[in-house]
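# Coordinates in review
Listed below, chain by chain, are the residues.
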Amino acid sequence: MTEITRVPLQPIAKGSLTKLWVGIAAVALLGCGVAWAAMPASVDVDTLVAGQGPSPTRDDVALVNYKGTLPDGKVFDEGKQAVLPLAEVVPGFTKALEQMQKGGKYKVHIPSALAYGDKGAGPIPANTDLDFEIELLDFKSRAEIEQQQRIMQQLQQMQMGGGAPGAGMPGAGPAVPPPAQ
């Protein structure tokens, strides 16, 4: 037969268990604090009026009405029917627009890290969070915009060449009809 060695457990001193649980709670809170501090900055988007359909992407160009304010409520910028390529605005504005739908109105808070950061710009001091009211009127892809620009250029060229389609183009025939006989 085998014999089991018995080791007597020492009693826990009064109040030690409480200290142990307080220590565990402190370590858990410290871990949560470190995780919170390491989280990347994010944009807050609150829907005032819901839009419909898909959302724009970073490669799109948006048509918006907007008003930007500083934390003290001072308006630093405002635009009506502003054409904004999403890839060319501050990262926080891009992230906000990517969450919106056409026809919607939104209230947006952009932390300074996703705005102008420690540089500031014009009336915006360094390390300043920004607030916006944005209405997404429409958006189109860059390819659609470029195609529309090509069509507009062709129309302008036709108007400058006499107004008739094909006017001034080689092999297109005369720009005016031949005289009647």
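One structure accompanies this document, and this report is about it.

What counts and how
- Residues take numbers from 1 onward in each chain, read along the sequence in its written order.
- In keeping with the model being predicted, local features are shown solely for residues with a pLDDT of at least 70 and side-chain atom pairs are shown and tallied solely at 80 or more, while totals for entire chains, interfaces and linings include all residues.
- Working from all heavy atoms in the structure, the side-chain values ignore hydrogens and water.
- Should DSSP find at least two bridges between two strands, the strands are regarded as paired.
- Numbering of helices and strands starts at the N terminus; helices are DSSP runs of H or I of at least 4 residues and strands are runs of E of at least 2.
- The angle between two axes is taken between their N-to-C directions and runs from 0 to 180 degrees, where each axis is a line fitted to C-alpha atoms and a helix contributes only its stretch in contact.
- Throughout, a contact is declared for two residues whenever any of their heavy atoms are within 4.5 Å.
- For every residue, the accessible area obtained with a 1.4 Å probe (protein chains only) is divided by the maximum for its type, and the residue is called buried under 20%, exposed over 50%, and partly exposed between those limits.
- Here the aromatic set is Phe, Tyr and Trp, taking the six-membered ring for Trp, and pairing holds for ring centres within 6.5 Å; pairs whose planes are under 30 degrees apart are stacked, those over 60 apart are edge-to-face, and all others are tilted.

### Digging into the sheet that holds strand E1 (residues 44-49)
- Pairing is antiparallel in the open sheet, where five strands are placed in the order E1-E4-E5-E2-E3. A strand with exactly one partner marks an edge of an open sheet, and here the two such strands are E1 and strand E3 (75-85). Neighbour to neighbour, the strand axes of the sheet diverge by 25° on average, direction disregarded.
- Of the pairings in the sheet, the one linking E1 to strand E4 (residues 105-110) comprises five bridges and is antiparallel in character. When the sheet's bridge partners are listed, Asp44 is paired in E4 with His109.
- Of the strands in this sheet, strand E2 (60-69), E3 and strand E5 (130-141) touch helix H3 (residues 142-160), which is tilted by about 60° from E5.

### Let's talk about the side chain of Ser112
- Residue position: Ser112 is located in the loop between E4 and E5.
- According to the relative accessible area criterion, Ser112 is buried, its value standing at 15%.
- When residues no more than four places from it in sequence are discounted, the contact partners of Ser112 are Gly117, Asn127, Thr128 and Asp129.

### Quick look at the packing of aromatic side chains
- Applying the stated rule across the entire model yields four aromatic pairs.
- Between Tyr66 and Phe93, the aromatic rings sit 6.2 Å apart at their centres with planes inclined by 80°, giving edge-to-face as the arrangement. Placement of the pair is Tyr66 in strand E2 and Phe93 in helix H2 (residues 91-97), with a sequence separation of 27 residues.
- Judged by centre distance (4.9 Å) and plane angle (80°), the ring pair of Phe93 and Phe132 falls under edge-to-face.

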